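Each chain, letter by letter, is given below.
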Amino acid sequence: MLVDTAQVWAWLGEVPDPEIPVISVVDLGIVREVAFEGAAGEECVVTITPTYSGCPAMQVIAEDVEHALRARGLQRVRIATRLSPAWTTDWMSDAGKAALKGYGIAPPVQQVIDISGLKHGRVASFSRHAIQEPEVACPHCGSHHTRLTSQFGSTPCKALYQCLDCREPFDYFKCH
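Residues numbered from 1 in each chain as written. Predicted model: local features only at pLDDT ≥ 70, side-chain atom pairs only at ≥ 80, totals over all residues. Heavy atoms only, no water.

### Overview of the packing of aromatic side chains
- Following the criterion strictly, the structure yields three aromatic pairs and no others.
- When the ring of Tyr161 is compared with that of Phe170, the centres are 5.9 Å apart and the planes differ by 25°; the resulting orientation is stacked. Summarising the burial analysis for this pair, Tyr161 and Phe170 share the class buried.
- Taken together, the ring pairs in this structure connect Tyr161, Phe170 and Tyr172 into an aromatic cluster.
- Here the guanidinium or amino end of Arg32 rests over the ring plane of Trp91, the centre of that ring lying 3.4 Å away. (Phe/Tyr/Trp six-rings, centres within 6.5 Å; stacked < 30°, edge-to-face > 60°. Buried < 20%, exposed > 50% of the residue type's maximum accessible area, 1.4 Å probe, protein only. Lys NZ or Arg CZ within 6 Å of the ring centre and 35° of its normal.)

Below you can see the structure in the form of structure tokens.
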């Protein structure tokens, strides 16, 4: 069976995230790389990065990815986990963010700050007032008149917000 990486990416784009089934593991940015290895390129290697260390869904995601590819006829599939660089919400696709919004979860609104240039031993000083809360739009009515209710939402990657116009509570996918 001749399969190229573009076909594998397309198949993986159909694998839903187990916690948020309206977004694929590709649109979430968990799938980092697809490659064929071996003398004849017979082993498909899919590299994934967890959304955060200790993510309880990673085993299920790995199994779902492997199952999806084996169901399409790939005999040799290996899942590799890469922890560095750490996953960031910047890796989410625009289609994924739109799917979150349509599902009632406000997508991340900020770009993650790049701290890769910080040297060991150098500590940045931040005051509580220097860090502003993001301006999160309600996924139900679109209002920006919202407030943070709790830093902890239905999963560790989400915070709980409430719209002050339509009064609906909603999850916000926090920037990581």
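### A short note on the confidence of the model for the chain
- For the chain, mean pLDDT is 87; residues scoring 70 or higher make up 87% of the total.
- Here residues 115-130 scores under 50 on pLDDT; set against residues more than four positions off or in separate chains, the count is two contacts. (pLDDT = per-residue confidence, 0-100. Contact = heavy atoms within 4.5 Å.)

### A short note on the sheet that holds strand β4 (residues 105-106)
- Taking strand neighbours across the sheet as the criterion, the four strands line up as β4-β7-β6-β5 in an open arrangement whose pairing is mixed. Each of the sheet's edge strands pairs with one partner strand only, and the pair in question is β4 and β5 (146-150).
- Note that strand β6 (residues 158-163) and strand β7 (residues 169-173) share five bridges and pair antiparallel. If you follow Lys158 over to β7, its bridge partner there is Phe173. (Pairing = 2+ DSSP bridges. Helix = DSSP H or I, 4+ residues; strand = E, 2+ residues; numbered from the N terminus.)

### Some points on the sheet that holds strand β3 (residues 76-81)
- Judged by pairing direction, the sheet is mixed, and its three strands sit side by side in the order β1-β2-β3 without closing on themselves. Only two strands of the sheet have a single neighbouring strand rather than two, namely β1 (31-37) and β3. Between one strand and the next, the sheet's axes are offset by a mean angle of 20°, whatever the strand orientation.
- Summarising the sheet, strand β2 (residues 43-48) and β3 pair through six bridges and their orientation is parallel. Bridge pairing in β3 links Glu43 to Arg76.
- Across the sheet, helix α1 (residues 5-12) is in contact with β1 and β2; its angle to β1 comes to roughly 140°.
- Those strands touched by helix α2 (residues 58-71) are β2 and β3, and its axis lies near 155° from that of β3. (Axes fitted to C-alpha atoms, helices over the stretch in contact; angles between N-to-C directions.)

### Some points on α1
- Among the residues making up α1, those that are buried are Val8, Trp11 and Leu12. Along the axis of α1, the buried positions cluster into a sector of 95°, meaning they face one direction only.
- Packing partners of the buried residues in α1 comprise β1, β2 and α2. (Arc of directions from axis to C-beta.)

### What about the nonpolar core?
- Val8, Leu12, Leu69 and Phe173 are the most contacted members of the largest nonpolar core, which totals 31 residues.
- Listing elements by their share of this core, those giving two or more residues are α1, β1, β2 and α2.
- Top contributing element to this core by residue count: α2, with six residues.
- Setting aside chain neighbours within four positions, we find Phe173 in contact with Ile20, Leu28, Trp87, Thr89, Met92, Leu100, Ile105, Ala106, Pro107, Pro108, Cys157 and Lys158.
- Of all hydrophobic cores here, the second largest spans eight residues; its members include Val136, Tyr161, Cys163 and Phe170. (Core = buried A, V, L, I, M, F, W, Y, C linked by side-chain atoms within 4.5 Å.)

### Some remarks on empty space enclosed by the protein
- For the structure shown, the criterion picks out one cavity of 30 Å³ or more.
- For the largest cavity, the calculated volume is near 70 Å³.
- Together, Asp17, Glu19, Ile20, Leu28, Ile30, Thr51, Tyr52, Cys55, Ile61, Cys157 and Phe173 line the largest cavity.
- Residue composition of the lining of the largest cavity, grouped by class: eight nonpolar, one polar and two charged. (1 Å grid on protein atoms, 1.4 Å probe; cavity = no way out; pocket = protein on both sides within 12 Å on 5 of 7 lines; lining within 4 Å. Points joined across faces, edges and corners; volume = space filled by probe spheres on them. Nonpolar A, V, L, I, M, F, W, Y, C, P; charged D, E, K, R; others polar.)

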